[in-house]
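Report on the structure
The chain contents come next:
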Amino acid sequence: MERVVLVTGASSGVGLALCRRLLEEDGRIHLCIACRNSQKSEATRDLILETHPAAQVSTVEVDLGSLASVLRVARELRCRFQRLDFVYLNAGIMPNPHVNFKALWHGLLTGKLLHMLTTAEGVMTQTDRLNGDGLQEVFATNLFGHFILVRQLESLLCGNEKPSRLIWTSSSNARESAFSLSDYQHAKGQESYSSSKYATDLTSVVLNRKFNKQGLYSSVVCPGLVMSNMTYRILPVFLWKLLMPIMWLIRFFAKTYTLTPYNGAEAHVWLFKQKPEHLDALVKYHSCTSGLGKSYVEPRKFDVDEETAEKLYGKLLELEKQTLEKYSDLLD
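Residues numbered from 1 in each chain as written. Predicted model: local features only at pLDDT ≥ 70, side-chain atom pairs only at ≥ 80, totals over all residues. Heavy atoms only, no water.

Pairing within the open sheet is mixed, and its 8 strands lie in the order 3-2-1-4-7-8-9-10. Both outer strands of the open sheet, strand 3 (56–61) and strand 10 (295–301), are each paired with one neighbouring strand and no more. The average undirected angle you get between the axes of adjacent strands in this sheet is 20 degrees. Across 7 bridges, strand 9 (residues 283–289) lies against strand 10 in antiparallel orientation. When the bridges of strand 10 are listed, T289 appears paired with S295. Across the face of the sheet, helix 1 (residues 13–25) comes into contact with strand 1 (4–8), strand 2 (30–35), strand 3 and strand 4 (86–89) while running at roughly 165 degrees to strand 1. Where helix 8 (residues 192–211) meets the sheet, it contacts strand 7 (164–169), strand 8 (216–222) and strand 9, and its direction lies at approximately 160 degrees from that of strand 8. (Pairing = 2+ DSSP bridges. Helix = DSSP H or I, 4+ residues; strand = E, 2+ residues; numbered from the N terminus. Axes fitted to C-alpha atoms, helices over the stretch in contact; angles between N-to-C directions. Contact = heavy atoms within 4.5 Å.)

See the structure below:
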């Protein structure tokens, strides 16, 4: 039987490039693409079929920032498939991003500019808001919606003849300094994106502890700095065009400047070809590109506290219980 691969956030950027690259690796897979609305899903499917006309591509509609939407799509997937071999948890948002130019100038004077440019540490801030479920929007979309999706799809992911895989799109911007267990939704700070990605790293660590024996393995990747719709919201497009020659130059010193979605998907595709039992659960796999344009994968140890990871997981389970009470009609 063909392997079934689900990709969230598949309509553009790394998600779309990933779909195309997966079909280049194995044209026999059943690719299920998940986008926020049916128009995007169908348009994305048409784009993929232009280059892979014989591919098996189906679509589902899901807004990861809406629990009702997540529960509906989980029910649909349980009806449609008997198992899922790969789930790429790729969808994410970074609303209202702002660049701290004062911090950049300080980084230049203190010799920390390259580090800041490669990790966005102290450079990027966001203005978050509550969603319709009363949750912080970035936390809900980037982490909690995916967490609920995984929980609802356990019957398709666990106990299969072959291992199933979760592959989360994280970031080099996932920093412990932006995360607080007492404010894990990041309601009080201005680095909600960084906080959500660090929480993603923590969650992946615990998922491996809980589910490896049931044949489910979780990995985390960083696509590097990719020019995508998310990136273009940080600065006006004309500024990015002016900066591109400089960014190509920086890539000789900063290998995480992958720049293109194709390069950014390198680690995702590399993991598609690996045996999960041979992977390190405490490693993040980074897509990298050399100054001359050669793509490769670099594993780096997580900067995570495993005790904090367990505590966060417990809080996610508690929040799940609280929030799902009002959606009993969508539960089996």
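Structure shown, so let's carry the discussion forward.
Tracing the backbone through its elements, the reader meets L207 in helix 8. The class for L207 is buried, based on a relative accessible area of 4%. It is 23 Å that separates the C-alpha atoms of L207 and S69, two residues lying 138 residues apart in sequence. The contacts of L207, once residues within four sequence positions are left out, are L166, W168, N212, S218 and Y313. (Buried < 20%, exposed > 50% of the residue type's maximum accessible area, 1.4 Å probe, protein only.)

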